[in-house]
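Single-letter residue listing:
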Amino acid sequence: MAATSQVSRVIRGRRFGQILVPAMTCQNSSRPPGPCINATQPHSFEQRWQHQVRGYRTSPVWHTHYLTPPQVNSILKANEYSFKVPEFDGKNLSSVMGFDSNQLPANAPIEDRRSAATCLQTRGMLYGVFDGHAGCACAQALTERLFYYIAISLLPHETLMELEDAVENGRPLQPILQWHKHPNDYFSKEASQLYFSSLRTYWQELLDLSVPGEQPDVAEALVSAFKRLDNDISLEAQVGDPNAFLHYLVLRVAFSGATACVAHIDGNELHIANTGDCRAVLGVQEPDGSFSALTLTNDHNAQNESEMKRVLSEHPLSEAKSVVKQDRLLGLLMPFRAFGDVKFKWSIELQHRVLESGPDQLHENEHAKFIPPNYHTPPYLTAEPEVTRHHLRPQDRFLVLGSDGLWETLHRQEVVRIVGEHLTGVHQQQPVSVGGYKVTLGQMQGLLQERKARISSTFEDQNAATHLIRHAVGNNEFGMVDHERLSKMLSLPEELARMYRDDITIIIVQFNPHVIGGQ
Amino acid sequence: MHSGGCSVRALAPVLLPRWLCVPGARPARLRGSMRFLSTDSASVALPARARVVICGGGIVGTSVAYHLVKLGWTEVVLLEQGRLGAGTTRFCAGIVSVAKPLSVESKMADYSNALYERLEEETGVKTGFVRTGSLCLAQNQDRFLSLKRLASRLKVLGVSCNIIKPKDVARLHPLVNIHDLVGALHLPGDSVVSAPDVNHALAVASAAHGVQIYEHTSVNHVVVKKGHVKAVETDRGSIECEYFVNCAGQWAYELGQSSEVKVSVPLHGCEHFYLLTKPLSEPLQNDSPVLIDMDGRIYARAWHGGILSGGFEKNPKPIFTEGRNQLEIQNMQEDWDHFEPMLSALLRRMPGLESCEIQQLVNCPESFTPDMRCLMGETPGIYGYFVLAGMNSSGLSFAGGAGKYLAEWITYGYPSTSVWHLDIKRFGNLQSSRTFLRHRVMEVMPLLYELKVPRWDFQTGRQLRTSPLYDRLDTQGARWMEKHGFERAKYFVPAGKDLLALDQSKTFYKPDWFDIVGAEVKCCKEAVCVIDMSSFTKFELTSAGDQALDLLQRLCANDLDVPVGHIVHTGMLNQRGGYENDCSVVRISKNSFFIISPTDQQVHCWSWIKKHMPSDPQLHLEDVSWKYTALNLIGPRAMDVLSELSYVSMTPEHFPSLFCKEMSVGYANGIRVMSMTHTGEPGFMLYIPIEYALHVYNEVMSVGQKYGIRNAGYYALRSLRIEKFFAFWGQDLDSFTTPLECGREFRVKFDKDTDFLGRDALLRQRVEGVTRRFVMLILEDHDTELDVWPWWGEPIYRNGELVGVTTSSAYSYTLQRHVCLGFLSSTNTDGSPAAVTADFINRGDYEVDIAGQKFPAKAKLYPFSSLFTQQKRRKDDMELSNFQSK
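Residues numbered from 1 in each chain as written. Chains lettered and ligands numbered in written order. Predicted model: local features only at pLDDT ≥ 70, side-chain atom pairs only at ≥ 80, totals over all residues. Heavy atoms only, no water.

1. Focus on the overall build of chain B
Then step 1. Per the secondary structure count, chain B includes 24 helices and 43 strands.
Then step 2. When its C-alpha atoms are laid out on the principal axes, chain B stretches across 95 × 65 × 55 Å. (Helix = DSSP H or I, 4+ residues; strand = E, 2+ residues; numbered from the N terminus.)

Following this line, the structure appears as structure tokens:
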């Protein structure tokens, strides 16, 4: 049956979850280790999965129930967000024209987060995608906090002084960031006071370290902000909070994890700070009008040789076999760098102490109690980002930030092609020109018909990120969106969706070639 | 685009300065008189005055100049803003084809063809003329039928053409895939030329005869004094002149608007694309026939061993809506994605071209008009301001003939044939909105190659002028057509009945509304119907003294000196005795008249009356079309309805025929009630001030209910008037038809005191006898269900010989036959026209050729008297009384 084979193809082609938790479930299972042993969820999930597979095969409902195109669109567009940089005098003076972002959940609730903001005290815009694992708490904390840490790190001494002075004297603070948020992107109110006091401590330290008149270096600021935030997350969990709810929250943040990929764009200067396996790819338009991909980040996982070397070098030779197993850190974690995940950072004693003093809810959390095997020389994990600097050129048309859910399904070259053609609009994208080439009528007809087919799929989406998700989920083997497939993928029940695809989060920043070319 | 530039030059070698540099290249006989004034130096001054100034050095402008000097004009100046032929002419595909929708257009194309052929010999300029012939292909039976209709029409014009089978197509053009063809029309006389070279040749010939040509000279505006052209202001000074001809092509609209008194030239540009290929591996012969595959929306001709192929797509791209300058047209972008459907159609038609290499895609804007016909003639309101533009992509085919007609127009006051369908006066200011034009041309351009069936209506630019009853009628199922921007109901679809979708209703056979209209006709005959006829053109002519009467006595052939309240049907004739207008005039008071003319006469009739009106402040003409809603109550019970609403007896004894009274209808007072209809049925016309329209309509409908009243539309009207042999101006009558030719001598009062326009011509004709006669033909042996319906333009044969053409036709529900109206003419043995007598008409066997099939017909000079219900009723009454007395 075509549908079934398609489904099984999807399963085999995917790896699930970034964390491998209790192997117990796998041991209970009599099946040989196959793709599904990587399931993140406890065993009940596993059973449900098997059950559902059976149901899927027999129940005709699955074959007949298709979402209509408008239903598909409403699912795809539920989280889409667009921002156009405002124009002055009919001219956009910023190097960024605007951005499109969107996310499609596979986990319930979604564990990915995204952020976008304009720095108000300095120039530049910040974009970030955060891929959470073992829950969404850590990713949520990042989306609320990381940009403040970065913005603070970028402030010159004088501005920090003003900030501190304002807080000291109870004057209102100058806003630091202007957020560009989708209504679904919430901020938690409960922790804001706690977060703020940590932030204030950070800028007070920065005040002590900085010298008046000195401009912070962007790359250094990014590294410092990343490390500092991860440190604060860790500290807050160790200290705890008298408020039980908050106490539980900071523990959840610390025990869950998240990777982050953040772009800072100021004029022609683009910095990417990456921790983990999200990815930033630049869409470069070639002279012939086609698009090529320029990857600006390195994935921090087992596929990256230098990361492998780094991890191995940080631990004694005796652990060489156990540090990375089955391409996972300690046989469990896929990304080699991440925020939170104190289970890979704290000593066993610290973990026990914190857990024992923690609120009761924590004890029911198997994941938290579980200590990774072969855990000898922590920390095994760091949040320190790798920073890439890129000087934007006129041919650099857009930047795609995506969580690994995107990059697993589409090759970066394909991503860049789809976005490029969507943004330029195939019709106004380089009109076909024969120029001096030898083109036959037959060749031209083929080309035109292909372009026509592409146009019709482009027109559905205003938002480039939505368009990309449509391709990521619905592409058939010919690289065309197949509505039937799209409908099937989107109508999977919550508990099944994770087996077929990961959360997908995308931010596409479009550059302003007039400004970039003019500078 | 770079390599493209070269190829266009190959196609369009318009390099005017060359003429100046190497005059020796021209034949000696032209050399002495050459007066080409390329003004690159700008040193040559313009003449201070001229008789005619032509603006536009494209093929149309040069053709007008050429024909003017042929008719003996001197002091003709031609101005061109850029270089000669640098506009649309430069990119013209170069096909001259007589396959055009109107006979007059085919005639122009036929003339152009002959002209271009002899031009090379006349001027020595190579024009690239090749008589290739052309093939119009049919992919379906309907298309084939339309080609057959075209063929029978062309035969009337004496153009040779053959309906051929697909395998003959393959023989004539081996590259053509014939598998999906049902047949084709072969026009062996069609040709291809190089349009810029023809343009060049016409310029050379004109210059040789004294036309002064100035390039790089733009017309800023035209100076008008007292309604006459006085001078032309250019960027290089002004030229005094008597006549101005606007041949500015794409820029004609703009130029018209820039005039002191604005001239509306309703045309709009659309991009038009064609493809040029490199030579085929086995180069295509130069004389390969032109292919026109209308179902595939493409044409193709041989070009330098390769193919030139373009088309008229479904989704045209209108341009220059905001008005642009000349530079734009040189810089049009190719758009391959837009061309894809046409490329696919081409490859389907000629699969062998797949491996053929592309040379270039040319984007050549063309201008289109709101009804797909060109704009020709003197503009209303400004004497001496002529226009020839809006060629709808047939500029090359029309230029020769159109130039000739326009030159005749300027010289003699009118062309040698009726060109009403091309006359710019068919449009007015109301068609000049840019938005309207933009929307309408997007429908017109695809229509060029669409199947044109009887009774199609434009779908865009609608609901501009409507009656106050529009919504009421619409909710009652009215289906609408448009005339001169006015919405008119065709028929009313009863509740619960569905008609076919517009696309599917296209047919040459029995239409889907047949029974609906039949029911409306029946109701008109037996009970009473209401037809909203508000679209009619209505003028009021008033004066302090006798001036109004004097003017009308001069303009009208009938006697207008009638008692107040009388209605007179009359023609307004020209010097030839031909109808300029056919109208009904009501004497409202001693010195005021109400003139009712056909809808599309609004501009033409106005300008005709104005032209002959003395400038007397006491004489006043007003267009009151918008002030009145006209309702026609038609049928034997109309008088009952009206008398019930007005408490006045409406019987013929109290309200004789052709009378007008102001009376009350319902609560509304001051309604002009006229005892006349436009169909010959008994009934009344109600001219209602618009604010009363809804009230009167509601009253009429509610009172009429017990008499079986219902709405009727124009299709019922049409069937009624044709079966009664009523001729309509614009369809049956034109400015070359005299009252004597259409049996209306009784409406001509030769003995009235005033010497009316056309009297001499009519007197002469009365002595000499008419050489053509309006007749009614009743089709025999025509199966309404299965046979193709007549439309108009069908040839009429008498004893196997072509004697005329039909002008309109309708199914008569009373006779249960098709009735065609048309003109017959006769020739002596030497070919000269002979008098057509009643005897000639009665003693002949007639056939009407519908799409190649000949149907026998009975010709009649007079209508069936039995069709007039009033008389019939009287007869019925008599029989009934006889019966009772027995």
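2. Observations concerning the overall build of chain A
Then step 1. Tallying secondary structure elements over chain A gives 21 helices and 15 strands in all.
Then step 2. For chain A, with 519 residues in total, the buried portion stands at 57%.
Then step 3. The long-range share in chain A, meaning contacts at least 24 apart out of those at least 6 apart in sequence, stands at 75%.
Then step 4. Put simply, chain A shows about 23,000 Å² of open surface, and 54% of that area lies on carbon and sulfur atoms. (Buried < 20%, exposed > 50% of the residue type's maximum accessible area, 1.4 Å probe, protein only. Contact = heavy atoms within 4.5 Å. Areas by Shrake-Rupley, 256 points an atom, 1.4 Å probe, with all protein chains shown as cover.)

3. Points about the interface of chain A and chain B
Then step 1. With 15 residues of chain A at the interface, the matching set in chain B holds 17 residues.
Then step 2. Roughly 1,500 Å² is buried in total at the junction of chain A and chain B, and carbon and sulfur atoms are behind 58% of that figure.
Then step 3. Considering only the side of chain A, the residues that lose the most area to chain B are Leu441, Gln445 and Leu448 of chain A, jointly responsible for 40% of the buried surface there.
Then step 4. Taken together, the links from chain A to chain B amount to zero salt bridges.
Then step 5. Inspection of the chain A/chain B interface yields eight residue pairs in polar contact (both at pLDDT 80 or more).
Then step 6. Its residues placed into classes, the side of chain A that touches chain B shows six nonpolar, six polar and three charged. (Buried area = accessible area lost by both parts, 1.4 Å probe. Salt bridge = Lys/Arg side-chain N within 4 Å of Asp/Glu carboxyl O. Polar contact = N/O pair within 3.5 Å; in protein donor to acceptor, adjacent residues only side chain to side chain. Nonpolar A, V, L, I, M, F, W, Y, C, P; charged D, E, K, R; others polar.)

4. Considering the environment of valine 562 of chain B
Residues and elements named next belong to chain B.
Then step 1. Secondary-structure assignment places valine 562 in the loop between α17 (547–555) and β28 (567–573).
Then step 2. For valine 562, a relative accessible area of 17% corresponds to the buried category.
Then step 3. Residues valine 562 and arginine 587, 25 residues apart in the sequence, show an inter-C-alpha distance of 7.4 Å.
Then step 4. Dropping the residues within four chain positions of it, valine 562 is found in contact with Val568 and Arg587.

5. Things to note about the confidence of the model for chain A
All names here are of chain A.
Then step 1. Of the residues in chain A, 81% reach a pLDDT of 70 or more, and the chain-wide mean stands at 82.
Then step 2. In this model, residues 1–16 is a region of pLDDT below 50 whose contacts with residues beyond four sequence positions or in other chains number 33 contacts.
Then step 3. Low pLDDT, under 50, characterises residues 21–64; the stretch is placed with 50 contacts to residues that sit more than four places away or in other chains. (pLDDT = per-residue confidence, 0-100.)

6. A short note on unusual backbone geometry
Then step 1. For the bond running from alanine 108 of chain A to proline 109 of chain A, omega is 0 degrees, close enough to zero to count as cis.
Then step 2. As for its placement among the helices and strands, proline 109 of chain A is situated in the loop between β2 (96–104) and β3 (112–119).
Then step 3. Note that the residue after proline 378 of chain A, namely proline 379 of chain A, is joined by a cis bond; omega there is 0 degrees.
Then step 4. Along the chain, proline 379 of chain A falls in the loop between α14 (366–369) and β13 (386–391).
Then step 5. For glutamine 463 of chain B, which is not glycine, the phi torsion reads 55 degrees and is therefore positive.

7. Digging into the sheet that holds strand β36 (residues 710–711) of chain B
Residue and element names in this part refer to chain B.
Then step 1. Spatially, the six strands line up as an open sheet ordered β33-β34-β35-β32-β26-β36, and their pairing is mixed. With partners counted over all chains shown, the strands left at the sheet margins are β33 (660–665) and β36, one partner each.
Then step 2. With four bridges joining them, strand β26 (residues 529–532) and strand β32 (residues 628–634) adopt antiparallel strand pairing. Its bridge partner being in β32, cysteine 529 is matched across the sheet by isoleucine 634. (Pairing = 2+ DSSP bridges.)

8. A few points about the pairing of strand β4 (residues 125–133) of chain A
Residue and element names in this part refer to chain A.
Then step 1. Summarising burial for β4: nine of the nine residues are buried, a large majority.
Then step 2. Side-chain alternation along β4 places Met125, Tyr127, Val129, Asp131 and His133 on one buried face and Leu126, Gly128, Phe130 and Gly132 on a second face that is also buried.
Then step 3. Where β3 folds back onto β4 in an antiparallel hairpin, the turn is made up of five residues, including glycine 124, whose phi is positive at roughly 115 degrees.

9. Things to note about the UniProt feature "domain: FAD dependent oxidoreductase central" (unreviewed entry) in chain B
Then step 1. The sites that UniProt annotates as "domain: FAD dependent oxidoreductase central" (unreviewed entry) are residues 413–467 of chain B.
Then step 2. Span residues 413–467 of chain B is 25% helix and 0% strand, its end C-alpha atoms 36 Å apart. (UniProt positions renumbered as here; feature names shortened; annotations may be inferred.)

10. A word on the packing of aromatic side chains
All names here are of chain B.
Then step 1. Enumeration according to the criterion identifies 41 aromatic pairs over all chains in this entry.
Then step 2. Judged by centre distance (5.0 Å) and plane angle (90 degrees), the ring pair of phenylalanine 312 and tyrosine 449 falls under edge-to-face. Taken together, the residues phenylalanine 312 in the loop between β18 (306–311) and β19 (318–319) and tyrosine 449 in the loop between α14 (434–447) and α15 (470–475) connect sequence positions 137 residues apart. Across the pair, exposure class does not vary: phenylalanine 312 and tyrosine 449 are buried alike.
Then step 3. Considering the side-chain rings of tyrosine 811 and tyrosine 813, the 5.0 Å spacing of their centres and the 80 degrees angle between planes classify their relative orientation as edge-to-face.
Then step 4. Under the relative-accessibility criterion, tyrosine 811 is labelled buried at 10%.
Then step 5. By relative accessible area, tyrosine 813 is classed as buried at 17%.
Then step 6. Here the guanidinium or amino end of lysine 661 rests over the ring plane of phenylalanine 655, the centre of that ring lying 4.5 Å away. (Phe/Tyr/Trp six-rings, centres within 6.5 Å; stacked < 30°, edge-to-face > 60°. Lys NZ or Arg CZ within 6 Å of the ring centre and 35° of its normal.)

11. A closer look at the domain arrangement of chain B
Residues and elements named next belong to chain B.
Then step 1. Split by domain assignment, chain B resolves into domain 1 (49–89 + 196–267 + 371–429), domain 2 (129–194 + 269–366) and domain 3 (770–885).
Then step 2. Spacing between the C-alpha centres of domain 1 and domain 2 amounts to 29 Å.
Then step 3. Across the contact, 14 residues belong to domain 1 and 16 residues belong to domain 2.
Then step 4. Summing both sides of the interface, domain 1 and domain 2 together bury roughly 1,200 Å²; the carbon and sulfur share of this comes to 52%.
Then step 5. The tally of links from domain 1 across to domain 2 stands at zero salt bridges.
Then step 6. Linking domain 1 with domain 2 are six residue pairs in polar contact (both at pLDDT 80 or more), by the criterion used here.
Then step 7. With three residues, the single largest contributor to the side of domain 1 that touches domain 2 is helix α9 (residues 195–208).
Then step 8. Looking at side-chain class alone, the side of domain 1 that touches domain 2 contains five nonpolar, six polar and three charged residues. (Domains from an automatic or database assignment.)

12. Points about the side chain of threonine 89 of chain B
Then step 1. Considering the arrangement of structural elements, one finds threonine 89 of chain B in helix α5 (residues 88–91).
Then step 2. Threonine 89 of chain B has contacts with Gly58, Ile59, Ala195, Pro196 and Asn199 of chain B, leaving out every residue within four places of it along the chain.

13. Regarding the sheet that holds strand β5 (residues 134–138) of chain B
Residue and element names in this part refer to chain B.
Then step 1. Strand order in the open sheet formed by eight strands is β6-β7-β5-β16-β17-β18-β15-β20, and the pairing between neighbours is mixed. In this open sheet, the two strands that pair with only one neighbour each are β6 (162–164) and β20 (358–363). Here the average twist between neighbouring strands, direction ignored, is 20 degrees.
Then step 2. Note that strand β15 (residues 273–277) and β18 share three bridges and pair antiparallel. Bridged to leucine 275 within β18 is serine 309.
Then step 3. Where helix α7 (residues 141–157) meets the sheet, its contacts fall on β5, β6 and β7 (183–187), and the angle it forms with β7 comes to roughly 25 degrees. (Axes fitted to C-alpha atoms, helices over the stretch in contact; angles between N-to-C directions.)

14. So, the pattern of salt bridges
Pairing of side chains with opposite charge becomes possible as their charged atoms draw close.
Then step 1. Evaluated as defined, the whole model comprises 60 salt bridges over all chains.
Then step 2. Where arginine 349 of chain B meets aspartate 180 of chain B, a salt bridge forms, and the shortest distance between an N and an O atom there is 2.9 Å. Of the two residues, arginine 349 of chain B is situated in helix α12 (residues 336–349) and aspartate 180 of chain B in the loop between α8 (166–172) and β7; the sequence distance between them amounts to 169 residues.
Then step 3. We classify arginine 349 of chain B as buried; its relative accessible area is 1%.
Then step 4. The shortest N-O distance in the salt bridge between lysine 404 of chain B and glutamate 408 of chain B comes to 3.9 Å. With lysine 404 of chain B and glutamate 408 of chain B both in helix α13 (residues 395–412) and four residues apart, the pair spans about one turn of that helix.
Then step 5. What makes glutamate 408 of chain B buried here is its relative accessible area of 10%.
Then step 6. Via salt bridges that share partners, Glu307, Arg310, Glu314 and Arg337 of chain A belong to a single interconnected network.

15. Examining the confidence of the model for chain B
Residue and element names in this part refer to chain B.
Then step 1. When pLDDT is averaged along chain B, the result is 89, and 92% of the positions lie at 70 or above.
Then step 2. Under a pLDDT of 50 for its full length, residues 1–35 has, in the predicted model, 67 contacts with residues more than four places off or in other chains.
Then step 3. Contacts from residues 869–886, a stretch scored under 50 in pLDDT, to residues over four places away or in other chains number nine contacts.
Then step 4. For this predicted complex, the interface confidence reaches an ipTM of 0.82, while the overall pTM sits at 0.70.

16. A word on helix α8 (residues 192–209) of chain A
Residues and elements named next belong to chain A.
Then step 1. Between its first and last C-alpha atoms α8 spans 25 Å; for 18 residues at 1.5 Å apiece the expected length is 26 Å, and the two agree.
Then step 2. Every buried residue belonging to α8 is among Leu194, Tyr195, Ser198, Leu199, Tyr202, Trp203, Leu206 and Leu207, and all of these are buried.
Then step 3. Residues of α8 that are buried in the fold lie against α6 (137–154), α7 (157–168), α9 (218–239) and α10 (244–255). (Expected span 1.5 Å × (residues − 1).)

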